[in-house]
Amino acid sequence: MTDEEIRNLTTIDAFIQRKQPFAIYRIPGEEYPRFLTQTTGEVCLIYDVKDLDRQRGFVIAPFHVSEACPIVLIQSEQPGQPLPIEEGIIPDDFSVFSSEEESFIASCSEEYAACFHTFIEALSNHTFDKLVLSRSLTIQKVSEFSPLAAFRIACRRYVHSYIYLCYTPQTGIWLGSTPEILLSGEKKEWNTVALAGTQPLQGGKLPQIWDDKNRKEQEYVTSYIRHQLLSLGIRATENGPYPAYAGALSHLKTDFQFSLKNSETLGELLNVLHPTPAVCGLPKEEAYRFILDNEGYDRSYYSGFIGWLDPDGRTDLYVNLRCMQVGKETLTFYAGGGLLASSELNDEWQETEKKLQTMRRLTPALS
Ligand SMILES: C=C(O[C@H]1C=CC=C(C(=O)O)[C@@H]1O)C(=O)O
C-alpha cells in the first residue's frame, strides 16, 4: 500500500475484503486522525478485562465479555500514525442532515416502554439507585454509505469527541463518536471522568442550569469512581461537575486526575472502573446482571470501551457510546440513558432519540 493510498484511504474496502484488522481514530484536540493496522497474525482475543494487564494494542471491549463477544486486541507494532485525510474524500452528494431536518420518533416503542417499566419498578422498590436502559435501532444501509466519509464528517462535526472507525473479522465494522474517557494517560499522570446527565445545547452553547435528576445521576457516577479508585489505594484530584460538549448535546462532567505507581496493572484498574454507572448502574454487580437479564437485546460492543492501550507509552481508552455497527445491508445504532426512580418514560425515550442522532446524521438519507 502506498502513502498516497493510505492518505486517501481508497484501500479501506480492500482491508475489509482481505479481513485485515485496522483502526482509525481521532483524539479530541488532535488535528489528524491516527491509523493503525495489524499486518501479521491473528488479532488477540481476551476473555477477562483483568487480562489486559501488560497488553498493548487497539482494544475493542464489549459491555459483557463472552465466547461470542470477546475483547479484541489489534496488535499493531506501533500506535496509530497521524494521517492527513483529504477533505475531498467526502462525496459531494453526501447529504448531512441539518438539525432542522432530523426525524425523531415521537412515541416510544412497546419494547422500550415494557423495559422502562421493569427498570422503574426495580428503582422504585430501592433494589437499585440507578440503572442505565439502552436500545438499538437498525435501518437499511443505502448503497452510497461510506464508513470512511462518515468518519471524516464526524471528525469535522464533533471536535470535542473521540472519533473512531475500526474493523476486525470478530467485531465487524464499528464507527463512533464518544465524549467519555474511561482511562487515559501515560507514565505517572492518568485521567478518567464521571460523565452523566444530558441536555441539548442551547443555541449552540452549554446549558448552565441542570435539574436535580441530572445532577444526582452524575453524582452517582462521581462517587462510584472515587470509591473504585480508593479501593485500589488511588487518591485522585477532582474537578467538576461542569457542563461539557458532546456533539449537539451536553453532559455534566467531573475530571479525575491521579498518578499510578506503575502501569503494569491497567487491566485490574479497567476491571474496577468498567462498567461505570454511566452505562450500567448501582449497585454495580447486581445492576450488571439485571441489565443482561432484562434489557431484551445484546449491547455487543456498545457501552464497552475502545482505544489504544499501552502500559509503556500513552493510553487513550473511551467508553463506546454514540456508535453504530456497519453490517452488509444494515446500520445498527445504539444509545441509552441513566434512569432514577423519578425518570419519565417520554423524556428518556427522547433522550435516546437525540443520542441516536449523533450517528444517524452522518448517514445519507434514504430516498
Ligand atoms: C449511555 C449513554 O450515555 C451516558 C453518558 C452520558 C450521559 C448519559 C445520560 O445522561 O444518561 C449516559 O450516562 C449513551 O450515550 O448511550
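Residues numbered from 1 in each chain as written. Predicted model: local features only at pLDDT ≥ 70, side-chain atom pairs only at ≥ 80, totals over all residues.

Peer 1: Describe the site of the ligand, listing the residues and the values that go with them.
Peer 2: Residues in close proximity to the ligand total 17 residues, the closest being Thr-198, Ala-278, Gly-336, Gly-337 and Gly-338. For the shell around the ligand, the elements supplying multiple residues, two or more each, are strand 7 (130-140), strand 11 (189-200) and strand 18 (330-339). (Near = placed C-beta within 6 Å. Helix = DSSP H or I, 4+ residues; strand = E, 2+ residues; numbered from the N terminus.)

Peer 1: How would you explain unusual backbone geometry if you had to name every residue and give the values?
Peer 2: The amide bond that connects Gly-240 to the next residue, Pro-241, takes the cis arrangement and shows omega of 5°. Relative to the helices and strands, Pro-241 resides in strand 12 (residues 237-246). The residue after His-274, namely Pro-275, is reached through a cis peptide bond having omega -10°. Structurally, Pro-275 can be placed in the loop between helix 6 (266-273) and strand 14 (281-282). Positive phi, normally seen in glycine, also occurs at His-126, with a value near 65°. Checked against the element boundaries, His-126 lands in the loop between helix 3 (110-124) and strand 7. A positive phi angle is found at Ser-303, which is not glycine, with a value near 70°.

Peer 1: Help me get a handle on the environment of Leu-206, residues and values and all.
Peer 2: Relative to the assigned elements, Leu-206 resides in the loop between strand 11 and helix 5 (212-231). Looking at Leu-206, the number of C-beta atoms within 10 Å reads 13, which means it is partly exposed. The sequence separation of Leu-206 and Ala-246 amounts to 40 residues, and the corresponding C-alpha distance is 9.9 Å. Here Leu-206 is in contact with Leu-201, Pro-243, Tyr-245 and Ser-250, once residues within four sequence places are set aside. (Buried ≥ 20, exposed ≤ 12 C-beta atoms within 10 Å, placed from the backbone. Contact = placed C-beta atoms within 7 Å.)

Peer 1: Explain the sheet that holds strand 16 (residues 314-319) to me, using residue names and the numbers behind them.
Peer 2: Pairing is antiparallel across the open sheet formed by nine strands, whose spatial order is 3-5-4-15-16-10-11-13-12. Each having just a single partner strand, strand 3 (44-46) and strand 12 make up the two edges of the open sheet. Neighbour to neighbour, the strand axes of the sheet diverge by 20° on average, direction disregarded. Pairing between strand 12 and strand 13 (residues 249-258): eight bridges, direction antiparallel. When the sheet's bridge partners are listed, Ala-246 is paired in strand 13 with Leu-249. Helix 6 contacts strand 10 (181-186), strand 11, strand 15 (305-309) and strand 16 of the sheet and is inclined by roughly 155° relative to strand 10. (Pairing = 2+ DSSP bridges. Axes fitted to C-alpha atoms, helices over the stretch in contact; angles between N-to-C directions.)

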